[in-house]
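Structure assessment
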Amino acid sequence: MTKKATPDNWISLEVTMPHEMADAVADFCHEHGSGGVVVEDQNPSSARIRAYFPYERWDAIQAELRAFLARVEEIFPDLPEPVVLSETLKNENWAIAWKDNFKSLAIGNRLMVTPPWLTPDPQGREVIVIEPAAAFGTGTHETTQGCLVLLEEAVESVQQVADSFTMLDLGCGSGILAIAAAKLGASEVLGVDNDPVAVESAVENSSLNYVAASVRFLRSSLKEISSPADIVAANLDPMTLLANRDLIVSLVRRFLIISGVPLNQWGHVKDLLVSRGTVLRREITQSEWGCGLLEKG
């Protein structure tokens, strides 16, 4: 077997922008083959994305990035322009620089998310190991954290009345929510995404967490899913949530977790889903995002 060549140098890209632009820019970096993407969105006034690209591909990627950001600015004409910085890193330094951005993170009462190169003290929590290189969902984004907190609450409620439960993760990304459900006791979990890179990443992460026996991942559109689950998580953009709201609610036996909704659209999305036969049990609004736990009425 021929060993894949490793670039001698890497470009470290840093983009600081309004929160509304962050998901689109992160998606651009993933789609253009970044060797690692880090999203930092704890600052209430702006988000920052760090990504790493092979040096020899940077000229072409840089040109496409400029054109892409120009289109994004047209969509958000009233928001500040993104600030773009880049520098060259030696091969031996880029991985260290990227990995230094990740720490083990305790979320909720029962979970801890960690990259595979760290071995944290679990402190009685269920540890979820996520390789952050390939797909969305590393535990750092507010939407993911909100989903994990609400998943804990849903699981606790279901386990009070049933010995087992099933879970469906719509738009599974890295598989973090599906894996968390298995760690919290789900007997059967299905994660669905239409992105083949996300599905491949989720499968790898399930192996890292030794839950492959109870968790299955499928590349599929939402409209192809017909099997309901006790708990359904839908961390999706508002347009997808609203376009598929009747289907999503029909897949729910007990609880629905929704996220991925900017605060300026949260009330509208929440009200439309509640009008489809669910009751809002709890909502979490942080910085720029809303997420909620809905119970089937």
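Residues numbered from 1 in each chain as written. Predicted model: local features only at pLDDT ≥ 70, side-chain atom pairs only at ≥ 80, totals over all residues. Heavy atoms only, no water.

Quick look at the packing of helix 4 (residues 142–159) against helix 5 (residues 176–183) now. Between helix 4 and helix 5, the least distance of the axes is 10 Å, while the angle of their chain directions is 25 degrees. Comparing the axis directions of helix 4 and helix 5 gives the class roughly parallel. For the pair helix 4 and helix 5, the crossing hand works out as right-handed. Residues T144, C147, L148 and L151 of helix 4 pack against I176, L177, A180 and A181 of helix 5. (Axes fitted to C-alpha atoms, helices over the stretch in contact; angles between N-to-C directions. Helix = DSSP H or I, 4+ residues; strand = E, 2+ residues; numbered from the N terminus. Parallel < 35°, antiparallel > 145°, perpendicular 65-115°, else oblique. Left-handed = near helix turned anticlockwise from the far one by under 90°. Contact = heavy atoms within 4.5 Å.)

Further remarks concern the sheet that holds strand 13 (residues 278–286). The strand order across the open sheet formed by 7 strands is 10-9-8-11-12-14-13, and the pairing between neighbours is mixed. Looking at which strands have only one partner, the edges of the open sheet turn out to be strand 10 (215–219) and strand 13. Put simply, the sheet's adjacent strands are angled 15 degrees from each other on average, direction ignored. The sheet contact formed by strand 12 (residues 252–262) and strand 14 (residues 289–296) spans 6 bridges and is antiparallel. Residue pairing in the sheet places F255 in a bridge with E295 of strand 14. Sheet strands in contact with helix 4 are strand 11 (229–235), strand 12, strand 13 and strand 14, and its direction is about 165 degrees off that of strand 12. (Pairing = 2+ DSSP bridges.)

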